[in-house]
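Listed here are the chains, written in short residue letters.
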Amino acid sequence: MTSSSPVWLTPHAHEQLRSELADLLAADAAGQAENADPEDRLTARHQRSARIAHIRDLLNNAVFGQDPPDDGIAEPGMVLTVRYDDTAETETFLLGSRAGDHDELEVYSPDSPLGAALTGARRGEQRTYRVPNGTEFRVTLLEAVPYGHTVVSASHPV
């Protein structure tokens, strides 16, 4: 699997992936097997190889440590606050890769139904998206700020 577009990661998520890749490569080189059964060893090796390829692809296409411009437009690397118009509930989440831990924030991929609908939206803009069961939802983008700005604000309260 290869990505055609960049994947936005926090520096912490990037480091987690690098660490996991090093561990997997070490296990692969050592021929580590979880089970003595040859078929199980082969399955485990294939799974490890697939995960190694996936992580390498993520890291080769990763953008990390760089915030997008603070222009209020929803794009990967932005923390979005939205209102679900049917319920008036709000949610704040990071638009980025679920590849690693992103602190306390929920993460939605730009390829998810909600992420795809919001990408490119401006503050105050309403979008609709459809979930896999066919239900359609309306959502309004209330705020879009770069991830780095929210981390700084959280660590240095006013």
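Refer to the structure presented above.
Below: a short report on this structure.

Scoring rules and cut-offs
- Residues numbered from 1 in each chain as written.
- Predicted model: local features only at pLDDT ≥ 70, side-chain atom pairs only at ≥ 80, totals over all residues.
- Heavy atoms only, no water.
- Helix = DSSP H or I, 4+ residues; strand = E, 2+ residues; numbered from the N terminus.
- Buried < 20%, exposed > 50% of the residue type's maximum accessible area, 1.4 Å probe, protein only.
- Contact = heavy atoms within 4.5 Å.
- Areas by Shrake-Rupley, 256 points an atom, 1.4 Å probe, with all protein chains shown as cover.
- Pairing = 2+ DSSP bridges.
- Axes fitted to C-alpha atoms, helices over the stretch in contact; angles between N-to-C directions.

Some thoughts on the overall build of the chain
Reasoning step 1: Counting secondary structure elements, the chain contains 4 helices and 7 strands.
Reasoning step 2: Listing every helix and strand of the chain by position from the N terminus yields β-α-α-β-β-β-β-α-β-β-α.
Reasoning step 3: When the 158 residues of the chain are sorted by exposure, 34% land in the buried category.
Reasoning step 4: The long-range share in the chain, meaning contacts at least 24 apart out of those at least 6 apart in sequence, stands at 57%.
Reasoning step 5: Of the accessible surface of the chain, which amounts to about 9300 Å², a share of 50% is contributed by carbon and sulfur atoms.

Digging into the sheet that holds strand S5 (residues 106–108)
Reasoning step 1: In spatial order, the strands read S5-S4-S3-S7-S6; together these 5 strands make up an open sheet with mixed pairing. The two strands at the open ends of the sheet, each matched to only one other strand, are S5 and strand S6 (126–130). The sheet shows a mean angle of 45° between the axes of neighbouring strands, taken without regard to direction.
Reasoning step 2: Direction of pairing for S6 relative to strand S7 (residues 136–146): antiparallel, over a ladder of 5 bridges. Following the sheet pairing, Arg-130 is matched in S7 by Glu-136.

Purely geometric stuff here, so don't read any function into it on its own.
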